[in-house]
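# Working through the structure, step by step
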Number of protein chains: 2
Amino acid sequence: MLAFTGSRLDRADNLRADPDAIAGMMNWRARLLALDGLMPGLGDDGALAWSSLAEAPEGCELVFLGTDEGKPCFAAVPDRGDVAPRMANPALWQAMASLRPDDLAIYGGARSLVDWHARHRFCAQCGGKTVLAKGGWQRDCTNCGAQHFPRTDPVTIMLVEYEDRLLLGRGLGWGEGRFSALAGFVEPGESLEEGVAREVFEEAGVVVRDVRYVASQPWPFPSQLMIGCHATAEADAIALDETELAEARWFTRDEVRAALAGDGPFVAPPAQAIAHHLMTWWIEE
Amino acid sequence: MLAFTGSRLDRADNLRADPDAIAGMMNWRARLLALDGLMPGLGDDGALAWSSLAEAPEGCELVFLGTDEGKPCFAAVPDRGDVAPRMANPALWQAMASLRPDDLAIYGGARSLVDWHARHRFCAQCGGKTVLAKGGWQRDCTNCGAQHFPRTDPVTIMLVEYEDRLLLGRGLGWGEGRFSALAGFVEPGESLEEGVAREVFEEAGVVVRDVRYVASQPWPFPSQLMIGCHATAEADAIALDETELAEARWFTRDEVRAALAGDGPFVAPPAQAIAHHLMTWWIEE
């Protein structure tokens, strides 16, 4: 199972547009996701903690996450979003490693949503104030009436293969020996396949063909949709873009297998990252 | 070739972060994409029209689109974006049908970008004014310093199959007889596969399995990334969400083939839409 997938919530999108339905669900059966800022609150059993709506700060905005076995689930928008989205946070990684998969998926989706609200209190079109609408799946401008929707940013992440070796990169600022799949945001005006080819050429100077889709995963830092692909390189000469990567290297199947087992020539990405899943897929293929 | 793919521009992203490089490219060799609002300007030969930077309105913001055989290409941000993004515009469809594929791709990418700028002159975080940065691939808030990036919204669009028949829907407000593949925005906290399953169940009450990726295409109205998939239905009973669709029906392979040939029991989507491509793929499979 890919991390951040498999939420057990019913998003019940048919209720979002009905303010009476949303208000009606804000009752004693409703559950409020425990968050400390954007960090998950954990119960004694290590599961996501929930409280009642009474615990929500006075006057805060509430997002309707969906229903869990009929129980309405909400999350409160925090004062501040993730101003400089980053995830170099040991407590977060620990929570990610310990949460049950369906809890992690609920947390990830909620985190992306409330973070988006916290960072979109004003209208990009006119600068006016915005207010939460449709149970938290929209914001409306109180001045010009523009509607704004939560953002999901597609990112391609790709295994590039040449003669049974894999191209992996070390990002700027990463620790020595850490390598992962190359990745980049899909830009306006390109297909997934074009995005993959552009990124690999930009970052490593490698031309690829035969891009194919493998798997996808949401990544809520702040709101990426990671789209995992495989591509074949035309040649193995690397021309590194040093403003993007510290290093790029080709690794053999044995080296990747050993790294995934924790005993290789590089440190593989953690199990929660789709890159780990892609490498495992490649080894088992 | 999928519409809006195959741009011949080199995005030259290594130059974007260098203000001197951008300024240096604003010279007599530079070309300005002719736009009337967001509509493409066409030359006598039916190709995209270009002029010199001297034709740009005084003081307008310029987006660096990339280079075309070494020539820097720019587009001017119009006064207004597509306030209520819609594409029921016969002139636009005509331009889409007549432009060369690589011109259509350049136009689509440029349209998404300049439209995004026109609708993001203020900071969603603080309401301050924003200014164009990185050659038009970023906006910076002049008040709080927040950085904003062009938006690309992933949308799943899916062929749902059951016993050699295809589930197609007629959107609200579409003409009688027009059917296309179901589609919907990917939401925070779900994978592509989960998004497909949720949308089909929401709109038609149909449960699907075995979702697989087929193809993708940018769709610049305003900035979708259409991600085409195929899925298998568990059963063919339909429970229509009448707030989303006017109609949903199963069509046989012969019916879809006839419709694509312009002589079927429904009006198929135009060749520029990925739904047309997906149906053709299914027929030829």
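Not measured: the values here are computed from a predicted model.

Next up on the list: the confidence of the model for chain A. Looking at chain A as a whole, the pLDDT averages 95, with 98% of positions reaching at least 70. Interface scoring of the predicted complex returns ipTM 0.96; its pTM is 0.97.

Take the relation of the copies chain A and chain B next. Note on the identical chains: chain A maps onto chain B by a rotation of 180 degrees and an axial translation of 0.0 Å, with an RMSD of 0.0 Å. These values place the two chain copies in the arrangement generated by a two-fold rotation axis. Closest approach to the rotation axis among the C-alpha atoms of chain A is made by glycine 127 of chain A, whose C-alpha sits 2.2 Å away.

Contacts between the two partners involve 44 residues from chain A, matched on the other side by 44 residues from chain B. Broken down by secondary-structure element, the contributors of at least two residues to the side of chain A that touches chain B are helix 1 (13–16), helix 4 (101–118), strand 10 (153–162), helix 5 (192–204) and strand 13 (208–219) of chain A. Looking at the side of chain A that touches chain B residue by residue, the class counts come to 17 nonpolar, 15 polar and 12 charged.

We now examine the environment of glutamine 147 of chain A. Locating glutamine 147 of chain A in the fold gives a position in strand 9 (residues 147–148). When neighbours within four sequence positions are excluded, glutamine 147 of chain A is seen to be in contact with Gln138 and Asp140 of chain A.

What links the strands of a sheet is backbone hydrogen bonding, and the strands pair in either a parallel or an antiparallel sense. All names here are of chain B. Reading across from one edge, 4-1-6-5 is the order of the four strands in this open sheet, with mixed pairing throughout. The strands lining the two open edges of the sheet, one partner per strand, are strand 4 (50–51) and strand 5 (62–68). Of the pairings in the sheet, the one linking strand 1 (residues 31–33) to strand 6 (residues 71–76) comprises two bridges and is parallel in character. By the bridge assignment, leucine 32 is partnered in strand 6 with phenylalanine 74. Strand contacts of helix 4 (residues 101–118): strand 1, strand 5 and strand 6, with the helix running at about 160 degrees to strand 5, the strand carrying the most contacts.

Glancing now at the packing of helix 6 (residues 253–260) of chain B against helix 7 (residues 274–284) of chain B. All names here are of chain B. Packing of helix 6 against helix 7 brings their axes to within 10 Å, and their N-to-C directions diverge by 130 degrees. Here helix 6 lies oblique to helix 7, going by the angle between them. Relative to helix 7, the crossing made by helix 6 is left-handed. Across the interface between the two elements, Arg253, Val256, Arg257 and Leu260 from helix 6 touch Met279, Thr280 and Ile283 from helix 7.

This brings us to unusual backbone geometry. All names here are of chain A. The omega torsion across phenylalanine 221 and proline 222 is 0 degrees, close enough to zero to call that bond cis. Tracing the chain through its elements places proline 222 in the loop between strand 13 and strand 14 (224–233). The backbone phi angle of phenylalanine 4 is positive, close to 70 degrees, even though this residue is not glycine. Following the sequence through the fold, phenylalanine 4 ends up in the segment before helix 1.

A few words now on the domain arrangement of chain A. Residues and elements named next belong to chain A. When cut into domains, chain A gives domain 1 (13–148) and domain 2 (153–284). Across the contact, nine residues belong to domain 1 and six residues belong to domain 2. With five residues, the top contributor of residues to the side of domain 1 that touches domain 2 is helix 4. Of the residues in the side of domain 1 that touches domain 2, the class split is four nonpolar, two polar and three charged.

Further remarks concern the nonpolar core. Counting 131 residues, the largest nonpolar core has Met158, Val160 and Val200 of chain A together with Met158, Val160 and Val200 of chain B as its most contacted members. With residues up to four places along the chain from it excluded, the contact list for valine 200 of chain A reads Met158, Val160, Leu182, Val206, Val208 and Ala231 of chain A. Grouped together as the second largest cluster of nonpolar side chains are six residues, Phe122, Cys123 and Ala124 of chain A together with Cys123 of chain B included.

The rules behind these values
- Residues numbered from 1 in each chain as written.
- Chains lettered and ligands numbered in written order.
- Predicted model: local features only at pLDDT ≥ 70, side-chain atom pairs only at ≥ 80, totals over all residues.
- pLDDT = per-residue confidence, 0-100.
- Least-squares fit on C-alpha atoms with pLDDT ≥ 70 in both.
- Contact = placed C-beta atoms within 7 Å.
- Helix = DSSP H or I, 4+ residues; strand = E, 2+ residues; numbered from the N terminus.
- Nonpolar A, V, L, I, M, F, W, Y, C, P; charged D, E, K, R; others polar.
- Pairing = 2+ DSSP bridges.
- Axes fitted to C-alpha atoms, helices over the stretch in contact; angles between N-to-C directions.
- Parallel < 35°, antiparallel > 145°, perpendicular 65-115°, else oblique.
- Left-handed = near helix turned anticlockwise from the far one by under 90°.
- Domains from an automatic or database assignment.
- Core = buried A, V, L, I, M, F, W, Y, C linked by C-beta atoms within 7 Å.
- Buried ≥ 20, exposed ≤ 12 C-beta atoms within 10 Å, placed from the backbone.

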